[in-house]
Amino acid sequence: MSRPGDAGPLTRATLALAVVISAFPVYYMFVMATRTNEEAIDVPPPLLPGGHLGENVARLLAAEDAHFLTGLVNSAVVSVTVTVSVVFISTLAGFAFAKLRFRGGRALLGLILVTMMVPLQQMGVVPLYELMVTLGWTGRLKAVILPFLVNGFGVFMMTQYASQAVPDELVEAARVDGASTAGVYARVILPALRPGMAVLALLVFMQTWNEFMWPLIVLDPDNPVVQTSIAALNQAHGTDYVMLFTGTAVSVLPLFIVFVVFGRQIVGGLMEGAVKA
């Protein structure tokens, strides 16, 4: 006898089908990364991994027109720096907006919400590029780091999370015990916000890792990020399908590792946020 809330056979079959349909393109990408170009164009196409992954990765890293290894390192540096900055600043701002009372707080939060409604990156690309030229930062990683160190969505998300996850009574109790504002943030706010911080870190890391337009505009071809390296591969080796599949597979590997390592915290943060909402 099934218990209330148990998924029925039809639900389980539907979910299994959805998982297969969602995961198959990723699986096929990795299969092609282990094959040769001759095998990639076979009919029917191969569905099992081959034995050429090491050879394909070596060819990928040796492609001088793509600078793929440089792109991987640059993307890691940019993504980690931006993620740490956004999470730190967002938790600070979320604490301030949710638990501190100061003049102009509502208006400032409203201004942050407005920035989320306007596509600033697309509308501001020309003045932002002119600013990078004036500063002499074109072609350098700081040009793709500085504009993204603060994220309006992150501030809003942490504000909402702090409002729900931290009772006002807990903050007042810490004040009574003699904690300063910094002490309340470090000892009360941060432990409560960890699930939300994990979710925000994942979203920001993915967004930054997959950023393409701005790095393409501001960086030099010999100092790329991983997405512009893949674009260079496509231009130089457009008919070398295996190399393109290999580059794409290697580029998504860090995201896969992040999911595996932090999956439990991420899912816990999403579920906790859903329950609190």
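Higher on the page you've got the structure.
The sections below set out a description of the structure shown in this document. From a predicted model like this one, the values you see are computed outputs, not experimental measurements.

**Digging into the environment of Arg-35**
The topology assignment puts Arg-35 in the loop between α1 (9–32) and α2 (37–40). We classify Arg-35 as buried; its relative accessible area is 15%. In the structure, Arg-35 is positioned 187 residues away from Asp-222 in sequence and 28 Å away in space, judged by C-alpha atoms. Residue contacts for Arg-35: discarding those within four places in its chain leaves Pro-46, Leu-48, Pro-49, Gly-50, His-52, Asn-56 and Val-242. Polar side-chain contacts of Arg-35 include one of 2.5 Å to the backbone oxygen of Leu-48.

**Focus on the packing of aromatic side chains**
Inspection of the entire model under this criterion finds 6 aromatic pairs. Their ring planes at 45° and their centres at 6.5 Å tell us that Phe-24 and Tyr-27 sit as a pair that is tilted. Linking Phe-24 with Tyr-27, this pair stays in helix α1, spanning 3 residues, or about one helical turn. Between Tyr-28 and Phe-245 the ring centres are 6.2 Å apart and the planes differ by 90°, which places this aromatic pair in the edge-to-face class. Of this pair, Tyr-28 sits in helix α1 while Phe-245 sits in helix α14 (residues 241–276), and the two are 217 residues apart along the sequence.

**Concerning the side chain of Glu-211**
As for its placement among the helices and strands, Glu-211 is situated in the loop between α11 (181–209) and α12 (213–218). Despite its burial, Glu-211 pairs with no opposite charge, the nearest such side chain being Arg-140 at 19 Å. With near-sequence residues (within four places) excluded, Glu-211 lies in contact with Gln-121, Val-225 and Gln-227.

**Quick look at the side chain of Asn-223**
The topology assignment puts Asn-223 in the loop between α12 and α13 (226–236). A distance of 2.9 Å separates polar atoms of two side chains, one belonging to Asn-223 and the other to Asn-74. Beyond its immediate sequence surroundings of up to four residues, Asn-223 is in contact with Thr-70, Asn-74, Gly-139, Arg-140 and Leu-141.

**Let's talk about the pattern of salt bridges**
Throughout the structure, instances matching the rule amount to 3 salt bridges. Arg-35 is the partner of Glu-39 in a salt bridge, and the nearest nitrogen-oxygen pair spans 3.8 Å. You can call Glu-39 partly exposed: its relative accessible area is 23%. For Arg-59, the salt bridge is made with Asp-240, and the minimal N-O distance between the two is 2.8 Å. With a gap of 181 residues between them, Arg-59 in helix α3 (residues 53–62) and Asp-240 in the loop between α13 and α14 connect regions that are remote in the sequence.

**So, the environment of Thr-246**
Structurally, Thr-246 is set in helix α14. The exposure class of Thr-246 is buried, given its relative accessible area of 1%. It is 6.6 Å that separates the C-alpha atoms of Thr-246 and Asn-56, two residues lying 190 residues apart in sequence. Beyond its immediate stretch of four places on either side in the chain, Thr-246 contacts Ala-33, Asn-56, Val-57 and Leu-60.

**Thoughts on the packing of helix α4 (residues 68–99) against α11**
Packed helices, taken two at a time, are described by the angle their axes make and the gap between the axes. Contact pair α4 / α11: the axes reach a minimum separation of 7 Å and the direction vectors enclose 140°. What the angle tells us is that α4 and α11 run oblique. Between α4 and α11 lies a crossing whose hand is right-handed. Its residues assigned to classes, the contact of α4 with α11 shows 21 nonpolar, 7 polar and 1 charged.

Here is what the cut-offs are and how they apply
Residues numbered from 1 in each chain as written. Predicted model: local features only at pLDDT ≥ 70, side-chain atom pairs only at ≥ 80, totals over all residues. Heavy atoms only, no water. Helix = DSSP H or I, 4+ residues; strand = E, 2+ residues; numbered from the N terminus. Buried < 20%, exposed > 50% of the residue type's maximum accessible area, 1.4 Å probe, protein only. Contact = heavy atoms within 4.5 Å. Polar contact = N/O pair within 3.5 Å; in protein donor to acceptor, adjacent residues only side chain to side chain. Phe/Tyr/Trp six-rings, centres within 6.5 Å; stacked < 30°, edge-to-face > 60°. Lys, Arg positive; Asp, Glu negative; His and termini not counted. Salt bridge = Lys/Arg side-chain N within 4 Å of Asp/Glu carboxyl O. Axes fitted to C-alpha atoms, helices over the stretch in contact; angles between N-to-C directions. Parallel < 35°, antiparallel > 145°, perpendicular 65-115°, else oblique. Left-handed = near helix turned anticlockwise from the far one by under 90°. Nonpolar A, V, L, I, M, F, W, Y, C, P; charged D, E, K, R; others polar.

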